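# Structural overview
Each chain is listed here by its residues.
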Amino acid sequence: MKRIVYVNGSFVREDLANISIFDRGFLFADSIYEVTGVIDSKLVDNNKHLNRLRNSLKFMSIDLTITNNEIESIQKELIEKNHLDNGIVYLQISRGSEDRDFLYSENIEPTVVMFSQRKNFFKDPKALNGISVITQEDNRWKFKDIKTTLLLGSVLAKNEARLKGADDSWYTKDGFVTEGAASNAFILNKEKVIQTHPLSSDILPGTTRSTVFEIAKLLDLTIKEEPFTVREAIDSEEAFITGAGTLVIPVIKINQHIIASGEPGEITNAIREKYLRIALT
């Protein structure tokens, strides 16, 4: 069965959906996006995603008249029309379509696209077995805290990881790990303290990241926004990544160095299990 997607006010079959070749998202990556997890047909952390969406729209000076409530209604209708139990709903808003020019018109109408994807969060082999990552110097644009579709850096980073036999890539700056190619990065240090890079223009303020802070408090775990080096990550007790499309995924190898026992850690598993339980309630 063909998926039903949403394009500029209409629900259509995916093979019938289209946007203009003059869309500025296509021509300039002049667009922003959000990915919201769906567990048991329910949107996860959606208010956080929509609040971040508004921050991105404001930064980009894109005037979107659709309200958050209207967006959520569309998301829920997509879930219903596609009989989606577990997966994600992708939302992209570009500045709109007009003849190619670096300067844009003030009255341009934004392009709004949404679609769903299926994912099995409960039997994810990456969560069960862990992943390996490589590190590389971050060469992306300055404003990583804005969720734009300018993702070429992440595309290249992830494919470089695959060429080197790894699953993913972590960015570094001045020797410190900032974030993953499409995720936030965490370690559990020797003192049993969870560390992750502080919020700044160097990282995306992940919604799953913020929920992990809440879960850590529920589990009586200590978590600090404190930069860590690649060496500290390699020497850590545990490591993991977070993201709306993956939730919490253990990292068991960094630059071919095995982390601790080489298996998903107890704390990482506890955080992921708690996340899933909360999402199901």
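Right above here is the structure, for reference.
Predicted, not measured: the structure shown is a model, and the values here were computed from it.

Conventions used here
Residues numbered from 1 in each chain as written. Predicted model: local features only at pLDDT ≥ 70, side-chain atom pairs only at ≥ 80, totals over all residues. Heavy atoms only, no water. Helix = DSSP H or I, 4+ residues; strand = E, 2+ residues; numbered from the N terminus. Rg over C-alpha atoms; globule rule 2.2 N^0.38 Å. Buried < 20%, exposed > 50% of the residue type's maximum accessible area, 1.4 Å probe, protein only. Contact = heavy atoms within 4.5 Å. Areas by Shrake-Rupley, 256 points an atom, 1.4 Å probe, with all protein chains shown as cover. Salt bridge = Lys/Arg side-chain N within 4 Å of Asp/Glu carboxyl O. Polar contact = N/O pair within 3.5 Å; in protein donor to acceptor, adjacent residues only side chain to side chain. Phe/Tyr/Trp six-rings, centres within 6.5 Å; stacked < 30°, edge-to-face > 60°. Lys NZ or Arg CZ within 6 Å of the ring centre and 35° of its normal. Pairing = 2+ DSSP bridges. Axes fitted to C-alpha atoms, helices over the stretch in contact; angles between N-to-C directions.

Regarding its fold elements, the chain presents eight helices and 16 strands. Rg of the C-alpha trace for the chain: 19 Å, near the compact-globule value of 19 Å for 281 residues, within the 12% margin. The C-alpha extent of the chain, read off along each of the three principal axes, is 55 × 40 × 35 Å. In the chain, buried positions account for 48% of the 281 residues. A separation threshold of at least 6 residues defines the contact pool for the chain, and within that pool the share at least 24 residues apart is 71%. As displayed, the chain has an accessible area near 14,200 Å², and 51% of this comes from carbon and sulfur atoms.

Turning to the pattern of salt bridges, a few remarks are in order. A side chain of one charge can pair with a side chain of the opposite charge when the charged atoms of the two come close. In total, this model carries 19 salt bridges according to the counting rule given. The salt bridge involving Arg13 is made with Asp15; its shortest N-O contact spans 2.6 Å. Looking at Asp15, the relative accessible area reads 38%, which means it is partly exposed. We note a salt bridge from Arg52 to Glu34, for which the minimum N-O separation is 2.7 Å.

A separate point is unusual backbone geometry. Despite not being glycine, Lys192 has its phi angle at roughly 65°, a positive value. Note on placement: Lys192 falls in the loop between strand 10 (184-188) and strand 11 (194-196). Although it is not a glycine, Ala260 adopts a positive phi angle of roughly 50°. With respect to the helices and strands, Ala260 occurs in the loop between strand 16 (257-258) and helix 8 (266-280).

Turning to its location among the elements, Ser56 is positioned in helix 2 (residues 46-60). Given a relative accessible area of 1%, Ser56 falls into the buried group. Along the chain, Ser56 and Lys126 lie 70 residues apart, while their C-alpha atoms are 30 Å from each other. At 3.5 Å, the side chain of Ser56 forms a polar contact with the backbone nitrogen of Lys147.

Moving on: the packing of aromatic side chains. Applying the stated rule across the entire model yields nine aromatic pairs. Centroid distance Phe59 to Phe143: 5.0 Å. Interplanar angle 55°. Geometry classified as tilted. In this pair, Phe59 is assigned in helix 2 and Phe143 in the loop between strand 7 (131-137) and helix 5 (152-163), connecting sequence segments 84 residues apart. Centroid distance Tyr90 to Phe115: 4.8 Å. Interplanar angle 20°. Geometry classified as stacked. Here Phe115 lies in strand 6 (residues 111-118) and Tyr90 lies in strand 5 (residues 87-94), a separation of 25 residues in the sequence. Looking at Tyr90, the relative accessible area reads 15%, which means it is buried. Among the aromatic residues, ring-to-ring pairing joins Tyr33, Tyr90 and Phe115 into one connected group. Positioned over the ring face of Phe11 is Lys81, at 5.3 Å from the centre of the ring. Above the ring of Tyr104, the side-chain terminus of Arg95 is found at 3.8 Å from the ring centroid.

Time to look at the side chain of Thr149. Position of Thr149 among the secondary structure elements: in the loop between strand 7 and helix 5. Only 2.5 Å separates the side chain of Thr149 from the side chain of Ser31, close enough to count as a polar contact.

The next thing to look at is the sheet that holds strand 2 (residues 10-13). Across the sheet, six strands lie side by side as 2-1-6-5-3-4; this open sheet has antiparallel pairing. Each of the sheet's edge strands pairs with one partner strand only, and the pair in question is strand 2 and strand 4 (42-44). Taking each pair of neighbouring strands and ignoring which way they run, the sheet shows an average axis angle of 30°. The pairing of strand 3 (residues 31-39) with strand 5 spans eight bridges and is antiparallel. Residue pairing for strand 5: Glu34 is matched across the bridge by Leu91. Each of strand 3, strand 4 and strand 5 touches helix 2; the most contacted strand, strand 3, lies at about 180° to it. Contacting strand 3 and strand 4, helix 8 crosses the sheet at an angle of about 135° to strand 4.

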